[in-house]
Amino acid sequence: MLRRILLSVADHKRVENALRTPAAARAVVQRFVAGETAAQAVAMGSALATGGLGVTYNFLGEYQSDPERIERSCDAFVGFARLLEDRGLGGPQSELSLKLSALGQLHGPDGPARALDRARRICTAALAAGVLVTLDMEDHTTTDSTLEIARELRRDFPLTGVAVQAALRRSPADCADLRAAGARVRLVKGAYREPDSVALRSRADVDRAYVRCLRTLFEGDARPLVATHDPRLIEIGSELARRHGRSPQGFEYQMLFGVRSAEQRRLAAAGHSVRVYLPFGPDWYGYFARRLAERPANTLFFLRALARP
Ligand code: FDA
């Protein structure tokens, strides 16, 4: 119930403005978001890299329709790839994660084609810096278009990854296609409120689907990016990696900044490849609301911080 309410206010401007002001609220936001500027993201990314962790940088923003802001978002990613190289953070330990809706994917009939052009510009800058690129997966209305854009990008940038949401009924088939293409696939449970017609509802069903998708990805040439904090699924990932003789370079664990940080360090110390998803930028609200929705305890912690004098 709480999850539904939080997801329904995820795009609510007035709630966002109310949260921007109190210092206590900002402090809680900082648990999940590196900061509003590129400099803050680089400083945090550098600290994570020093601790032996890979980093996925996400310049926050989604569902953009203002042409100027769409261009600004694209330029920000291009500039950020160059900044990473300048600061000695180039190479595959760094990755950029793109939300295509921030690049104009949903803006008019030629939105997907224009978003592809912009993603190409970002991939070109990322490649020059040796940095990887992965496409986030947004709500189910964007899935076909995002998978198609990922397919196009892989022609020129074969290491381009894409996220797949286990909660969607279509995902086992998508994983089979991506396995055949040998793609980098970030498998997640799914963070969006979706209709029953396209998505599984119960946690148990989603977890079962996650395992099924994971098996498919480990069986072939895909590079599975096991993006979950769920201890059981992490253990199953390790077991599948052992069974299929994957080296630590053959798959990786991915977790969100601010969630199970000790587990991130433990896995890295045990020799696994671990990457932390590090969001930054002024448009943090939608991302933050989804993190609260995932865990009631976060919301209570947040409400307590708001109530503090
Ligand atoms: P689950 O929600 O069952 O959590 C397992 C345990 O992890 C919890 O019991 C708790 O201990 C801890 N935990 C999980 N979330 C927490 C939180 N917010 N705060 C504190 N503790 C928490 N989704 C999507 O739709 N598209 C995408 O592109 C991505 N990209 C992405 C990248 C990466 C690297 C990750 C890790 C996740 C995503 N997601 C995503 C989000 C994903 O769909 C999902 O909503 C969250 O990862 C939570 O699901 P878990 O698999 O962690 O399991």
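Residues numbered from 1 in each chain as written. Predicted model: local features only at pLDDT ≥ 70, side-chain atom pairs only at ≥ 80, totals over all residues.

Q: Got a sec to walk through the UniProt feature "domain: Proline dehydrogenase" (unreviewed entry) in the protein? Specific residues and values, please.
A: Per the UniProt record, the feature "domain: Proline dehydrogenase" (unreviewed entry) sits at residues 47-301. What you have in residues 47-301 is 48% helix and 16% strand, and the ends, taken at the C-alpha atoms, are 26 Å apart. (UniProt positions renumbered as here; feature names shortened; annotations may be inferred. Helix = DSSP H or I, 4+ residues; strand = E, 2+ residues; numbered from the N terminus.)

Q: Tell me about the site of the ligand, and please be specific about residues and values.
A: The immediate surroundings of the ligand are formed by 24 residues, with Asp136, Ala163, Val188, Thr228 and His229 found nearest. Going through the elements one at a time, β4 (161-165), β5 (184-188), β7 (252-256) and α12 (285-294) are the ones with two or more residues in the shell around the ligand. Considering each element in turn, the shell around the ligand owes the most residues, three residues, to β7. Split by residue class, the shell around the ligand holds 10 nonpolar, six polar and eight charged. (Near = placed C-beta within 6 Å. Nonpolar A, V, L, I, M, F, W, Y, C, P; charged D, E, K, R; others polar.)

Q: An account of the packing of helix α9 (residues 203-219) against helix α10 (residues 231-243) is requested, with residue identities and associated values reported.
A: Direction vectors running N to C along α9 and α10 enclose 20°, while the axes themselves pass 10 Å from each other. Judged by the inter-axis angle, α9 sits roughly parallel to α10. The chirality of how α9 crosses α10 is right-handed. Packed against α9, whose contacting residues are Asp207, Tyr210, Val211, Leu214, Arg215 and Phe218, the element α10 presents Leu233, Ile236, Gly237, Leu240 and Ala241 at the interface. Looking at the contact of α9 with α10 residue by residue, the class counts come to eight nonpolar, one polar and two charged. (Axes fitted to C-alpha atoms, helices over the stretch in contact; angles between N-to-C directions. Parallel < 35°, antiparallel > 145°, perpendicular 65-115°, else oblique. Left-handed = near helix turned anticlockwise from the far one by under 90°. Contact = placed C-beta atoms within 7 Å.)

Q: Give a description of the packing of helix α6 (residues 111-129) against helix α7 (residues 143-156) that names residues and reports values.
A: Direction vectors running N to C along α6 and α7 enclose 40°, while the axes themselves pass 10 Å from each other. As the angle between them shows, α6 and α7 are arranged oblique. Considering only the axes of α6 and α7, their crossing is right-handed. Of the residues in α7, those touching α6 at Pro112, Ala115, Leu116, Ala119, Arg120 and Cys123 are Ser145, Ile149, Glu152 and Leu153. A class-by-class count of the residues in the contact of α6 with α7 yields seven nonpolar, one polar and two charged.

Q: Pulling in residues and values, what's your account of unusual backbone geometry?
A: A negative phi holds for most residues other than glycine; trans holds for most peptide bonds. Even without being a glycine, Tyr63 presents a positive backbone phi close to 45°. Mapping Tyr63 onto the fold places it in the loop between β1 (54-59) and α5 (67-86). Taking the number of C-beta atoms within 10 Å as the measure of exposure, Tyr63 has 15 and is therefore partly exposed. A positive phi is found at Arg260, a non-glycine position, where the angle reads about 50°. (Buried ≥ 20, exposed ≤ 12 C-beta atoms within 10 Å, placed from the backbone.)

Q: Outline helix α4 (residues 38-50), supporting the account with residue identities and numerical values.
A: The α-helix winds at 3.6 residues per turn, so residues separated by three or four positions along the chain end up facing the same way. Here α4 spans 18 Å end to end across 13 residues, near enough to the 18 Å set by a 1.5 Å rise per residue. Along α4, the residues that are buried comprise Ala41, Val42, Met44, Gly45 and Leu48. For α4, the secondary structure elements touched by its buried residues are β1, α5 and β8 (274-280). At the exit of α4 stands Gly52, carrying a positive phi of roughly 85°. (Expected span 1.5 Å × (residues − 1).)

Q: Describe in detail the sheet that holds strand β3 (residues 132-135), supporting the description with residues and values.
A: Reading around the barrel, the eight strands line up as β1-β2-β3-β4-β5-β6-β7-β8 and close back on themselves, with parallel pairing between neighbours. Strand-to-strand twist of the sheet, defined as the mean angle between neighbouring strand axes without regard to direction, takes the value 30°. Helix-sheet contacts for α4 involve β1 and β8, and the interaxial angle to β8 is about 165°. (Pairing = 2+ DSSP bridges.)

Q: Kindly report on α9, identifying the contributing residues and their values.
A: With 17 residues, α9 ought to run about 24 Å at 1.5 Å a step, and its terminal C-alpha atoms sit 24 Å apart, in line with that. Here α9 has its buried residues at Ala209, Tyr210, Cys213, Leu214, Thr216, Leu217 and Phe218. Contact partners of the buried residues in α9: β4, α8 (171-180), β5, β6 (223-227) and α10.

Q: Can you lay out the pairing of strand β2 (residues 94-98) for me, pointing to particular residues and giving the numbers?
A: Across the five residues of β2, five count as buried, placing the element largely inside the fold. Of the two faces of β2, the one lined by Ser94, Leu96 and Leu98 and the one lined by Glu95 and Ser97 are each fully buried. A crossover links β1 with its parallel partner β2, the connecting element being α5, and its sense is right-handed. Where β2 meets β3, four bridges bridge the pair, whose relative direction is parallel. From the neighbouring strand, Ser97 faces β3, where its bridge partner is Thr134. The parallel pair β2 and β3 is bridged by α6, and the resulting crossover is right-handed. (Right-handed = clockwise from strand over helix to strand, strands pointing away.)

Q: Explain the confidence of the model for the protein to me, using residue names and the numbers behind them.
A: Predicted confidence across the protein gives a mean pLDDT of 91, with 89% of residues reaching 70 or more. Across the predicted assembly, pTM comes out at 0.92 and ipTM at 0.97. (pLDDT = per-residue confidence, 0-100.)

Q: Help me get a handle on the nonpolar core, residues and values and all.
A: If you look at the biggest cluster of nonpolar residues, it comprises 85 residues, and the most contacted ones within it are Ala119, Ile122, Val185, Leu187 and Leu278. At seven residues, α6 tops the list of elements feeding residues into this core. Sequence-distant contacts of Val185, that is, excluding residues within four places in its chain, are made with Gly161, Val162, Val164, Cys175, Leu178, Leu217, Ala222, Pro224 and Leu225. (Core = buried A, V, L, I, M, F, W, Y, C linked by C-beta atoms within 7 Å.)

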